[in-house]
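Commentary on secondary and tertiary structure
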Amino acid sequence: MSFQELVQLRRSLRSYAPREVASADIQACLEAARLAPSACNSQPWHYVVVTDPPRVRALAALTRGPGGRLNGFASQAPVMVALVAERPNISARLGGFLKRKPFYLLDIGISAQHFCLQAEELGLGTCMIGWFRERATARLLGVPRSRRIPLMITLGYPGTPAGEEPAPARPPKKRKPLEQIASSGTYGTPWQEQARIAQP
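Residues numbered from 1 in each chain as written. Predicted model: local features only at pLDDT ≥ 70, side-chain atom pairs only at ≥ 80, totals over all residues. Heavy atoms only, no water.

Regarding its fold elements, the protein presents 7 helices and 4 strands. Ordering the α and β elements of the protein from the N terminus gives α-α-β-α-β-α-α-β-α-β-α. Along the first, second and third principal axes, the C-alpha set of the protein runs to 65 × 50 × 35 Å. Sorting the 200 residues of the protein into buried and exposed places 36% on the buried side. By sequence separation, contacts in the protein at least 24 residues apart represent 77% of the contacts at least 6 residues apart. Taken as two groups, the 26 positive and 14 negative side-chain charges of the protein have centres that lie 12 Å from each other. (Helix = DSSP H or I, 4+ residues; strand = E, 2+ residues; numbered from the N terminus. Buried < 20%, exposed > 50% of the residue type's maximum accessible area, 1.4 Å probe, protein only. Contact = heavy atoms within 4.5 Å. Lys, Arg positive; Asp, Glu negative; His and termini not counted. Charge placed at Lys NZ, Arg CZ, Asp CG, Glu CD.)

Rendered as structure tokens:
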């Protein structure tokens, strides 16, 4: 499929089928994540992949929010992935300090999106989760106290919630119109598609 088709298809999946994900498909997602760009080629990420059902359920339980309703779908996913922030190299750390920008978080977001887009192309679904009990997650996964876990990702095949009919074709995504998220030349100047000037 084309890239435009891929980004139209990719959604945050919140219903998973009880079907195992092939190791080769997980590796393909990891390889896509590995190839992501990063500030100063720092690559400040480490992926911890969990497929053992009891440990997946334990991780899913750590994503539940107040009242136990938030992220309830996570327990359906056959794979849980924790994205650990590694220390950036000295160039990226210095640049982030001087510019007061957490470059490593931008890098991790790019890498995670590579992972999710590759999953979509393979017919898998993902959901990035930012709400979870981080310290308990780190203990469960053996992540050193010196590391943070900014993100978790569920991975699996799309399923249908109990009692519901299979979903029809996906409707268009609900997104702001282009003129609300882009400007021409200066901030606030409504975006206008620029006509390419023919060269003599």
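The next thing to look at is the nonpolar core. With 22 residues, the main nonpolar core has Val21, Tyr47, Leu83, Phe115 and Leu155 as its most contacted residues. Elements that contribute at least two residues to this core include exactly α2 (23–34), β1 (45–50), β2 (79–85), α5 (103–121) and β4 (148–156). No other element matches α5, which puts 5 residues into this core. Beyond its immediate chain neighbours, meaning those up to four positions away, Leu83 contacts Trp45, His46, Tyr47, Ile108, Ala112, Arg148, Ile149, Pro150 and Leu151. Residues Met80, Ile129, Phe132 and Met152 belong to the second largest nonpolar core, which totals 21 residues. (Core = buried A, V, L, I, M, F, W, Y, C linked by side-chain atoms within 4.5 Å.)

Any two side chains of opposite charge can pair if their charged atoms end up close together. The final tally for this structure, using the stated rule, is 3 salt bridges. Among the salt bridges present, the one from Arg148 reaches Glu134, with a minimum N-O distance of 2.7 Å. With Arg148 in strand β4 and Glu134 in helix α6 (residues 134–141), this residue pair connects regions lying 14 residues apart in the sequence. When its relative accessible area of 53% is taken as the criterion, Arg148 is described as exposed. Glu134 gets classed as buried once you look at its relative accessible area, which sits at 16%. (Salt bridge = Lys/Arg side-chain N within 4 Å of Asp/Glu carboxyl O.)

Describing an aromatic ring pair means giving the distance of the ring centres and the angle of the ring planes. Evaluated as defined, the whole model comprises 1 aromatic pair. Ring centres 5.7 Å apart and planes at 10° place the aromatic pair Tyr47 and Phe115 in the stacked group. In this pair, Tyr47 is assigned in strand β1 and Phe115 in helix α5, connecting sequence segments 68 residues apart. Accessibility expressed as a relative area gives 14% for Tyr47, which makes it buried. A relative accessible area of 0% places Phe115 in the buried class. The side chain of Arg19 reaches across the aromatic face of Tyr157, ending 3.7 Å from its centre. (Phe/Tyr/Trp six-rings, centres within 6.5 Å; stacked < 30°, edge-to-face > 60°. Lys NZ or Arg CZ within 6 Å of the ring centre and 35° of its normal.)

So, about the environment of Pro172. Tracing the backbone shows Pro172 in the loop between β4 and α7 (178–181). It is 36 Å that separates the C-alpha atoms of Pro172 and Arg55, two residues lying 117 residues apart in sequence.

Before going further, it helps to spend a moment on α6. Listed as buried for α6 are Glu134, Ala136, Thr137, Ala138 and Leu141. Against β1, α3 (53–61), β2 and β4 lie the buried residues of α6. Phi turns positive, to about 70°, at Gly142, one or two residues after α6.

What follows concerns α5. Taking 1.5 Å of rise per residue, 19 residues should cover 27 Å, and α5 covers 28 Å from first to last C-alpha, within 8% of that figure. Listed as buried for α5 are Asp107, Ile108, Ser111, Ala112, Phe115, Cys116, Leu117, Gln118, Ala119 and Glu120. The elements touched by buried residues of α5 are α1 (3–9), α2, β1, β2, β3 (125–129) and β4. One or two positions beyond α5, positive phi appears at Gly123, with a value near 85°. (Expected span 1.5 Å × (residues − 1).)

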